[in-house]
Amino acid sequence: MQSNKKGALAFIFVTLLIDVMGFGLIIPVMADLIAELKGIPLNEASTYGGLLLSVFAIMQFVCAPWWAI
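Residues numbered from 1 in each chain as written. Predicted model: local features only at pLDDT ≥ 70, side-chain atom pairs only at ≥ 80, totals over all residues. Heavy atoms only, no water.

1. Points about the overall build of the chain
Next up, step 1: Across its full length, the chain holds two helices and zero strands.
Next up, step 2: Here the C-alpha radius of gyration of the chain, 17 Å, is well above what a compact globule of 69 residues would show, namely 11 Å.
Next up, step 3: Seen through its C-alpha atoms, the chain measures out along the principal axes to roughly 55 × 25 × 15 Å.
Next up, step 4: As presented, the chain carries roughly 5,900 Å² of accessible surface, and 75% of it is formed by carbon and sulfur atoms. (Helix = DSSP H or I, 4+ residues; strand = E, 2+ residues; numbered from the N terminus. Rg over C-alpha atoms; globule rule 2.2 N^0.38 Å. Areas by Shrake-Rupley, 256 points an atom, 1.4 Å probe, with all protein chains shown as cover.)

2. Focus on the nonpolar core
Next up, step 1: By size, the foremost hydrophobic cluster in this structure holds five residues: M30, I34, A35, I40 and A45.
Next up, step 2: A per-element tally of this core places helix α1 (residues 2-38) first, with three residues.
Next up, step 3: In this structure, I34 is in contact with G39, I40, A45, Y48 and G49, ignoring residues within four places of it in sequence. (Core = buried A, V, L, I, M, F, W, Y, C linked by side-chain atoms within 4.5 Å. Buried < 20%, exposed > 50% of the residue type's maximum accessible area, 1.4 Å probe, protein only. Contact = heavy atoms within 4.5 Å.)

3. Some thoughts on the packing of aromatic side chains
Next up, step 1: Enumeration according to the criterion identifies one aromatic pair in this entry.
Next up, step 2: Seen from their ring centres, F23 and F56 are 5.5 Å apart, and the 55 degrees between their planes marks the pair as tilted. Taken as a pair, F23 in helix α1 and F56 in helix α2 (residues 42-68) lie far apart in primary sequence, 33 residues in all.
Next up, step 3: Over the aromatic face of Y48 sits the side chain of K38, whose NZ or CZ is 5.7 Å from the ring centroid. (Phe/Tyr/Trp six-rings, centres within 6.5 Å; stacked < 30°, edge-to-face > 60°. Lys NZ or Arg CZ within 6 Å of the ring centre and 35° of its normal.)

4. Notes on a nonpolar patch on the surface
Next up, step 1: On the surface, V55, I58, M59, F61, V62 and W66 cluster together into a nonpolar patch covering about 680 Å² of accessible area.
Next up, step 2: Positionally, W66 belongs in helix α2. (Patch = residues over 30% accessible without salt bridge, like charges linked within 9 Å, V, L, I, M, F, W, Y side chains within 5 Å. Salt bridge = Lys/Arg side-chain N within 4 Å of Asp/Glu carboxyl O.)

5. Quick look at the environment of I58
Next up, step 1: Of note, I58 is situated in helix α2.
Next up, step 2: Taking the C-alpha atoms as reference points, I58 and K5, 53 residues apart in sequence, are found 29 Å from one another.

6. Brief notes about the environment of E36
Next up, step 1: Relative to the helices and strands, E36 is located in helix α1.
Next up, step 2: E36 sits in the exposed class, given a relative accessible area of 67%.
Next up, step 3: When the C-alpha positions of E36 and G7 are compared, they lie 43 Å apart, and in sequence the two are 29 residues distant.

Right, here's the structure in full:
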């Protein structure tokens, strides 16, 4: 039973590591990417990127209890 818990905990940590690495890769380039794709100035694209990340974080917080059910 103990090794089963260790395996589950390792799986959760690996999943979180991949998630954090993804954020670490996309955050520095997101404003440039949005600016290039939408054809808008970088300062406006930064606002859109910040809003996008904020909405993602809020929705993760709101919807997390449903995943636990």
